[in-house]
Amino acid sequence: MDDSEKKSNLTINHDTDDNNGADEVIPETTNRVTSDGSDRVDGDSLENMIDQTSSLSLEEIEERRCKCLDLKSEGNSKFKDSEHLEAIDLYTEAIEICPPKDTKEKSILYNNRAAAYSHLGDAYVEKCLDDCTKSIELDPLYVKPYLKRARTVYNNGPIKEKMDQALEDFEKVIELEPSYRREIFPTIVELKGMIEKRNEELKKEMIGKLKDIGNVVLNKFGLSTDNFQLVQNPDNGSYSVNFKK
């Protein structure tokens, strides 16, 4: 589902990046899925990349760099034509040959591949999130993967166990690009409310489980947890226990 359909109050675009103009928000661009939808081995760990390039000449490294940029450009064209599986293949090829020292370029490639995954539905959400994380690890000052990771969590439920990370990501976007504050801040407020509600639900669930365990023990003494009343402190949210007959 397109983000504009699901969350109308969050309209920031998150398409691919390309120094030639393919980006639509913050200038700059990329696991592998084949055109038939099957996974391929990425082969893009730093150790593998170093092993592959350590014996190459400067000319050969530069040749790989140029090929990497060509593949990225082809991937962006496929992305624009909504051929997302093909775009993923091309971004992955680019990742595999990208010189390991070109960390910013590789971060862009992971970001673009994440964008392509984000258009393939729920089955690819984790792949999208993983690529966003890889992009951030390579370039912690690159805004787009933070934004994409946060929006992916927010627009898919949101994903309860990842809401705290999404909140941190949205706040990081504002830290890096203050101009986004007006667009993102309402979402941050809403997300904080969701997190607070989730935490209260988890507290109630935990208390319910503790009561079940307590009843197993207390029943031996003719008591139950009904003899104990939990009272919440309105100031700090903590609980105290009062005994009642």
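Everything numeric here is computed off the predicted structure, so don't read it as measured data.

A. A look at the overall build of the protein. In terms of regular secondary structure, the protein is built from nine helices and four strands. Of the regular secondary structure in the protein, the N- to C-terminal order runs α-β-β-α-α-α-α-α-α-α-α-β-β. Taken across its 245 residues, the protein has 41% of its residues classed as buried. When the accessible surface of the protein is split by element, carbon and sulfur atoms take 51% of a total near 13700 Å².

B. Here's a closer look at the nonpolar core. Counting residues in each nonpolar core, the largest one holds 21 residues, and the members touching the most others are Phe170, Val173, Ile184, Ile188 and Leu191. Within the residue set of this core, elements represented by two or more residues are helix H6 (125-138), helix H7 (143-154), helix H8 (163-176) and helix H9 (181-218). Counting 20 residues, the second largest nonpolar core, distinct from the first, contains Cys68, Tyr91, Ile95 and Tyr117.

C. Highlighting the packing of aromatic side chains. Summed over all chains, the structure comprises two aromatic pairs. Between Tyr117 and Tyr124, the ring centres sit 5.9 Å apart and the planes meet at 15 degrees, which makes this aromatic pair stacked. Given the relative accessible area of 16%, Tyr124 is considered buried.

D. Local environment of H7. Spanning 12 residues, H7 covers 17 Å between terminal C-alpha atoms, matching the ideal 16 Å at 1.5 Å per step. Burial analysis of H7 places 12 of its 12 residues in the buried class, the great majority of the element. Those residues of H7 that sit buried are Val143, Lys144, Pro145, Tyr146, Leu147, Lys148, Arg149, Ala150, Arg151, Thr152, Val153 and Tyr154.

E. Just a nonpolar patch on the surface, in detail. On the surface, a nonpolar cluster with roughly 320 Å² of combined accessible area is contributed by Met206, Leu210 and Ile213. Structurally, the position occupied by Ile213 is in helix H9. The exposure class of Ile213 is exposed, given its relative accessible area of 55%.

F. Spatial organisation of the packing of helix H4 (residues 84-97) against helix H5 (residues 103-117). Packing of H4 against H5 brings their axes to within 9 Å, and their N-to-C directions diverge by 160 degrees. On the basis of their axis angle, the class for H4 and H5 is roughly antiparallel. By crossing handedness, the relation of H4 to H5 is classed as left-handed. Of the residues in H5, those in contact with His84, Ile88, Tyr91, Thr92, Ala94 and Ile95 of H4 are Lys106, Leu109, Tyr110, Asn112, Arg113, Ala116 and Tyr117. Its residues assigned to classes, the contact of H4 with H5 comprises eight nonpolar, three polar and two charged.

G. Summary view of the pattern of salt bridges. Per the counting criterion, the structure on display carries nine salt bridges. Several salt bridges converge on common partners, so that one network encompasses Glu62, Arg65 and Asp102.

H. A look at unusual backbone geometry. Unlike most non-glycine residues, Ser82 shows phi in positive territory, near 60 degrees. Under the relative-accessibility criterion, Ser82 is labelled exposed at 52%.

The rules behind each value
Residues numbered from 1 in each chain as written. Predicted model: local features only at pLDDT ≥ 70, side-chain atom pairs only at ≥ 80, totals over all residues. Heavy atoms only, no water. Helix = DSSP H or I, 4+ residues; strand = E, 2+ residues; numbered from the N terminus. Buried < 20%, exposed > 50% of the residue type's maximum accessible area, 1.4 Å probe, protein only. Areas by Shrake-Rupley, 256 points an atom, 1.4 Å probe, with all protein chains shown as cover. Core = buried A, V, L, I, M, F, W, Y, C linked by side-chain atoms within 4.5 Å. Phe/Tyr/Trp six-rings, centres within 6.5 Å; stacked < 30°, edge-to-face > 60°. Expected span 1.5 Å × (residues − 1). Patch = residues over 30% accessible without salt bridge, like charges linked within 9 Å, V, L, I, M, F, W, Y side chains within 5 Å. Salt bridge = Lys/Arg side-chain N within 4 Å of Asp/Glu carboxyl O. Axes fitted to C-alpha atoms, helices over the stretch in contact; angles between N-to-C directions. Parallel < 35°, antiparallel > 145°, perpendicular 65-115°, else oblique. Left-handed = near helix turned anticlockwise from the far one by under 90°. Contact = heavy atoms within 4.5 Å. Nonpolar A, V, L, I, M, F, W, Y, C, P; charged D, E, K, R; others polar.

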